[in-house]
Amino acid sequence: MDKKGIVISDKYIVINLNRLSHKDSAHSHMRNVIGKIGLEGFDLGFTQFIDHGNVGVTLPNRLLDLNVGKSANVNFRVADLKVNLAAHKLYLDAGLEFDLHDYRFNNNVTIQPNAAKFNFYNDSTANFSKDKLSTQYLELPLMLCFSSNPTHVNHSFTIGAGAYGGILLGAYTKQVSNVNGTQHYYGDFHCNGVDYGFIAVIGYGEVQLYGKLNTSPLFEGSYGAPNLQSATFGIRLFHNFKWS
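Criteria and thresholds
- Residues numbered from 1 in each chain as written.
- Predicted model: local features only at pLDDT ≥ 70, side-chain atom pairs only at ≥ 80, totals over all residues.
- Heavy atoms only, no water.
- Helix = DSSP H or I, 4+ residues; strand = E, 2+ residues; numbered from the N terminus.
- Buried < 20%, exposed > 50% of the residue type's maximum accessible area, 1.4 Å probe, protein only.
- Polar contact = N/O pair within 3.5 Å; in protein donor to acceptor, adjacent residues only side chain to side chain.
- Contact = heavy atoms within 4.5 Å.
- Core = buried A, V, L, I, M, F, W, Y, C linked by side-chain atoms within 4.5 Å.

Chemist: How should I be thinking about the side chain of Asn-108 in this particular structure?
Modeler: As for its placement among the helices and strands, Asn-108 is situated in the loop between β6 (90-104) and β7 (109-111). You can call Asn-108 buried: its relative accessible area is 16%. Looking at Asn-108, its side chain comes within polar contact range of the main-chain oxygen of Ala-126, at 2.4 Å. Separated by 3.4 Å, the side chain of Asn-108 and the backbone nitrogen of Phe-128 make a polar contact. Ignoring any residue separated from it by four or fewer positions in sequence, one finds Asn-108 in contact with Tyr-121, Asn-122, Asp-123, Ala-126, Asn-127, Phe-128 and Asp-131.

In structure tokens form, the structure reads like this:
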């Protein structure tokens, strides 16, 4: 008996209908909706500002120039929902994520906390070895995805695209220098209370790449803040799943 349940010889033909029906109905035993709560994925990427369509900052915002190699984005997915649309290859992917951004500055810049208007300036009081703004958002991403091999996700090509939106949980700055040691300042720094943008993923098996374009300004423009968006690229780990 071969894997298809059919044997052909010069004297007879044997067909194992049970085996055939099991193989043909394999997809019928796969769930159409999967929901999970817990650590369902981890992302690590690096971020650059987009200033009026330019990658990086323009001259008026030069003090906010980023050290891209140290401007990290970390996402923790804590809830996941996948809905089958077609043959378990095309599906919707929704989730709930904590989005953490570290914007690491190249220059000695201080963003004034709890100011009535957005204010940043060149700080000559010390030479900072670390100077960053950190933001924390709770985000809801929604993507339309395609998987080439839904029965063996570890050997499947995956591609997806969609959008996300979120709310600000908090923000702080951290500065480290020989003069003042480590200093933290907490506040909203006129960061946007909501963020939104587009997201795309591509990968094979357990490892995927992701890109995020944050089309909402990082800072609220009504307080005199610069109009800065951000683009993030990185790697996604442990986002795989099984329909069964």
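Having seen the model, we can carry on.
Chemist: Sorry, what's going on with the nonpolar core here?
Modeler: Counting residues in each nonpolar core, the largest one holds 18 residues, and the members touching the most others are Phe-49, Leu-64, Phe-105, Ile-111, Leu-133, Cys-191 and Phe-219. Those elements giving two or more residues to this core turn out to be β7 and β9 (130-147). Residues within four places of Leu-64 in sequence aside, it is in contact with Phe-49, Val-57, Phe-105, Val-109, Ile-111, Phe-120, Pro-226 and Leu-228. Membership of the second largest hydrophobic core comes to 11 residues, among which are Ile-34, Met-143, Cys-145 and Val-201.

Chemist: Honestly, the environment of Tyr-103 in this entry has me stumped. Any pointers?
Modeler: The residue Tyr-103 is located in strand β6 in this model. The class of Tyr-103 is buried, set by a relative accessible area of 3%. Each C-alpha atom, one on Tyr-103 and one on Phe-46, is 9.4 Å from the other, the two residues being 57 residues apart in sequence. Setting aside its immediate chain neighbours within four residues, Tyr-103 contacts Thr-47, Phe-49, Leu-66, Ser-71, Asp-131, Lys-132, Leu-133, Thr-135, Leu-218 and Ser-230.

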